[in-house]
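# Observations on the three-dimensional arrangement
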Amino acid sequence: MKKEHGQVTGIIWRGPDDLAAYQQLRDYAEQHHLTVSAAAKELVVRALNDAKS
């Protein structure tokens, strides 16, 4: 697997539930013309901002 610029750590996806979540993330990334890591970062930031509200 090729690391993206600025990627310090990765997420390990194991088991069917993790694979299903990864596939959803990958689909989201493709729909928004993002890399998978950029999509993950966007979703984490959005979730954290929503949690503050």
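Because the structure is predicted, anything quoted here is derived from the model rather than measured.

Analysis parameters
The residue count restarts for each chain, going from 1 along the sequence in the order it is written. Two thresholds apply to this predicted model, a pLDDT of at least 70 for residue-level local features and 80 or more for giving and counting side-chain atom pairs, whereas whole-chain, interface and lining totals are computed over all residues. As a rule here, side-chain values cover all heavy atoms of the structure and leave hydrogens and water aside. Helix and strand assignments follow DSSP, with helices taken as H or I runs no shorter than four residues and strands as E runs no shorter than two, numbered in order from the N terminus. In this analysis, the expected span of each helix is defined as 1.5 Å times one less than the number of residues it contains. For every residue, the accessible area obtained with a 1.4 Å probe (protein chains only) is divided by the maximum for its type, and the residue is called buried under 20%, exposed over 50%, and partly exposed between those limits. Of all possible arcs, the one meant is that of the directions from the helix axis to the C-beta atoms. By definition, residues are in contact when any of their heavy atoms lie within 4.5 Å. A fitted line through C-alpha atoms serves as each axis, taken over the contacting stretch for helices, and the angle formed by two N-to-C directions is quoted from 0 to 180°. An angle below 35 degrees is treated as roughly parallel, one above 145 as roughly antiparallel, one from 65 to 115 as roughly perpendicular, and anything else as oblique. Note on residue categories: nonpolar means Ala, Val, Leu, Ile, Met, Phe, Trp, Tyr, Cys or Pro, charged means Asp, Glu, Lys or Arg, and polar means any other residue, Gly included.

## Focus: helix α1 (residues 15-31)
In an α-helix, one turn spans 3.6 residues; hence positions three or four apart end up facing the same way. The end-to-end C-alpha separation of α1 is 24 Å, in line with the 24 Å expected for 17 residues at 1.5 Å each. All of the buried residues in α1 are Leu25, Tyr28 and Ala29. Summarising the axial view, the buried residues of α1 lie within an arc of 100°, below the 170-degree limit, and thus occupy one face. In α1, the exposed residues that point more than 90 degrees away from the buried face are Pro16, Gln24, Glu30 and Gln31. In this structure, the buried side of α1 is in contact with α2 (36-52). A positive backbone phi angle near 55° is found at histidine 33, which sits one or two residues after α1.

## Quick notes on the packing of α1 against α2
Following both chains from N to C, one finds α1 and α2 inclined at 100°, their axes separated by 8 Å at the closest point. The orientation of α1 with respect to α2, classified from their angle, is roughly perpendicular. From α1, Tyr22, Leu25, Arg26, Tyr28 and Ala29 reach across to α2, where they touch Val36, Ala39, Ala40, Glu42, Leu43 and Arg46. Along the lines of polarity and charge, the residues of the contact of α1 with α2 split into 8 nonpolar, no polar and 3 charged.

Read these as spatial facts, not as claims about activity.
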